[in-house]
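Okay, here's what each chain looks like letter by letter:
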Amino acid sequence: HAPAEVYEGLRRTGGILQQQNDEAVRTSAEDRRPLVTLAYLGDFSGNSSVELTAEHETLAGIAVAQRDQNSRENSTAPVVRILVANGGGNMRNASHVVRTYLSGVAADPGEGLVGVVGLNHSRAETVAAIEEVTRLGLPIVASTLSYDDLSDFSPLYFQVSPQNRQEAQQGAGYFRGRGDGEVGVYRDPNDAYSANLGADVVDELGRTGRATRWLAM
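In this report, we go over the structure that sits alongside the text. (Residues numbered from 1 in each chain as written. Predicted model: local features only at pLDDT ≥ 70, side-chain atom pairs only at ≥ 80, totals over all residues. Heavy atoms only, no water.)

## A short note on the overall build of the protein chain
Put simply, the rule is: Strands here are runs of E lasting at least two residues and helices are runs of H or I lasting at least four, both read from the DSSP assignment and numbered beginning at the N terminus. We call two residues contacting when some pair of their heavy atoms lies within 4.5 Å. For the area figures, the Shrake-Rupley method with a 1.4 Å probe applies, and any residue is considered shielded solely by the protein chains shown.
Along the backbone of the protein chain there are six helices and seven strands. When the helices and strands of the protein chain are placed in sequence order, the string is α-β-α-β-α-β-α-β-β-α-β-α-β. By its C-alpha atoms, the protein chain is 70 × 40 × 35 Å across when sized along the principal axes. Long-range contacts, defined here as pairs at least 24 residues apart, represent 68% of the contacts in the protein chain between residues at least 6 apart. Element-wise, carbon and sulfur atoms account for 51% of the exposed surface of the protein chain, whose accessible area totals about 11600 Å².

## Brief notes about the pairing of strand 6 (residues 183-187)
Cut-off, in case you're wondering: In this description, strands pair whenever DSSP reports at least two bridges between them. When the strands point away from the viewer and the connection leading from the first strand across the helix to the second strand turns clockwise, the crossover is called right-handed.
Across five bridges, strand 6 lies against strand 7 (residues 212-216) in parallel orientation. Along strand 7, the bridge assignment pairs arginine 187 with alanine 216. Taken together, strand 6, helix 6 (residues 192-207) and strand 7 form a β-α-β motif whose crossover is right-handed.

## Comments concerning the nonpolar core
Put simply, the rule is: Residue types Ala, Val, Leu, Ile, Met, Phe, Trp, Tyr and Cys, when buried and joined through side-chain atoms within 4.5 Å, form a set referred to as a nonpolar core. Each residue's exposure class comes from its accessible area (1.4 Å probe, protein chains only) as a fraction of the maximum for that residue type: buried when under 20%, exposed when over 50%, partly exposed otherwise.
Counting residues in hydrophobic clusters, the biggest one holds 23 residues, and the most contacted among them are Leu41, Val116, Leu119 and Tyr157. Those elements that place two or more of their residues in this core are strand 1 (35-42), strand 2 (79-86), helix 3 (94-107), strand 3 (113-118), helix 4 (124-135) and strand 4 (140-142). Among the elements that make up this core, the one with the highest residue count is helix 3 (five residues). Leu10, Leu17, Phe44 and Ile82 belong to the second-largest nonpolar core, a separate cluster that totals twelve residues.

## Some remarks on the packing of helix 5 (residues 164-175) against helix 6
The relative placement of two packed helices is expressed as an angle between their axes plus a distance between the axes. What counts is decided by this rule: Helix axes are fitted only over the stretch in contact, all axes being lines through C-alpha atoms; the angle between N-to-C directions runs from 0 to 180 degrees. Angles are sorted into four bins: roughly parallel if under 35 degrees, roughly antiparallel if over 145, roughly perpendicular if 65 to 115, and oblique for all others. Crossing handedness: left-handed means the near helix sits turned counterclockwise from the far one by under a right angle, and right-handed means the same turn made clockwise.
Orientation of helix 5 relative to helix 6, taken along the N-to-C sense of each, is 45 degrees, at an axis distance of 8 Å. Put simply, helix 5 runs oblique to helix 6. Crossing of helix 5 over helix 6 shows right-handed handedness. Contacts between helix 5 and helix 6 involve Asn164, Arg165, Glu167, Ala168, Gln169, Ala172 and Phe175 from the first element and Tyr193, Asn196, Leu197, Asp200, Val201, Glu204 and Leu205 from the second.

## Looking at the sheet that holds strand 2
Sheet architecture is open: five strands sit in the order 2-1-3-4-5, paired in parallel fashion. With partners counted over all chains shown, the strands left at the sheet margins are strand 2 and strand 5 (157-159), one partner each. Across the sheet, the mean angle separating the axes of adjacent strands is 25 degrees when strand polarity is ignored. Direction of pairing for strand 1 relative to strand 2: parallel, over a ladder of eight bridges.

## Quick look at the environment of leucine 102
Tracing the backbone shows leucine 102 in helix 3. Separated by 99 residues in sequence, leucine 102 and proline 3 place their C-alpha atoms 30 Å apart. For leucine 102, the contacting residues outside a window of four places in its chain are Ala39, Leu83, Val97, Leu113, Val116 and Leu136.

## What about the packing of aromatic side chains?
Here is the rule we go by: Aromatic rings from Phe, Tyr and Trp, with only the six-membered ring used for Trp, were paired whenever their centres fell within 6.5 Å, and each pair was classed as stacked if the ring planes differed by under 30 degrees, edge-to-face if by over 60, and tilted otherwise. Lysine NZ or arginine CZ positioned within 6 Å of the ring centre and within 35 degrees of the ring normal marks a charge as sitting over the ring.
Under the counting rule described, the total for this entry stands at two aromatic pairs. Arranged with centres 6.1 Å apart and planes meeting at 65 degrees, the rings of tyrosine 40 and phenylalanine 44 form a pair that is edge-to-face. Here tyrosine 174 and phenylalanine 175 contribute two aromatic rings whose centre-to-centre distance is 5.3 Å and whose plane-to-plane angle is 85 degrees, an arrangement assigned as edge-to-face. Classification of phenylalanine 175 as partly exposed rests on a relative accessible area of 27%. The side chain of arginine 178 reaches across the aromatic face of tyrosine 174, ending 4.0 Å from its centre. Over the face of the ring belonging to tryptophan 214 we find arginine 187, whose NZ or CZ atom lies 3.9 Å from the ring centre.

## Describing a nonpolar patch on the surface
Here is the rule we go by: Within this analysis, patches are made of residues with over 30% relative accessible area and no salt bridge. Like charges are joined at 9 Å or less; nonpolar side chains (Val, Leu, Ile, Met, Phe, Trp, Tyr) at 5 Å or less. Take a side-chain nitrogen of Lys or Arg and a carboxyl oxygen of Asp or Glu: if they are within 4 Å of each other, that pair is a salt bridge.
Together, Val141, Phe158 and Val160 make up a nonpolar patch on the protein surface, roughly 280 Å² of accessible area in all. Relative to the helices and strands, valine 141 resides in strand 4. With a relative accessible area of 36%, valine 141 lands in the partly exposed category.

## Some thoughts on the packing of helix 3 against helix 4
Where helix 3 contacts helix 4, the axes come no closer than 7 Å and their chain directions differ by 20 degrees. With respect to each other, helix 3 and helix 4 are oriented roughly parallel. Every pair of crossing elements has a handedness; the one defined by helix 3 and helix 4 is left-handed. In this structure, helix 3 uses Ala94, Ser95, Val98 and Arg99 to contact helix 4, whose residues at the interface are Ala128, Ala129, Glu132 and Val133.

Spelled out as structure tokens, the structure:
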């Protein structure tokens, strides 16, 4: 289980976001600036300290960006509210959350929902969530996903991280000039991200004539 301070950090950052959301509504009314809502869909149900710490750091970064965007120095720029949605451990409830919660927000013109960011884990559950968000006509921006073919599932999906095949090219480049022995490649065939990255590494090494061998995780 994650230590108590990780959960406390999440609660504290959530409180900051709520305060800034309230301020956004006031600023919009007083300064006559457009008010829009951005949903962050993540995994807040895991027990891993590493994963929850990463979620906390992401939310903290979003809070800083929201504060800067909503500053009254940006006199004509839209003000932003942040809606945090929990997709469940390994995103297993993400598509359900989109169908039952975010769809209602998107249907209300007063909410001004303009897109979804976040998403965790290159899994079938994440793909299902991407497809559900696409049905709402909303763009999706993922900051950490790198599975090669995620963009094939939606014309509204965009990712910041390089695809796995680019990581594989860098990995294969590392072995150039480092002997000609067989390279062992670990993968978890039950995990889409691991299987995809492993296949890309084997493919890239094969292009250089390097022999590979699958190793179980």
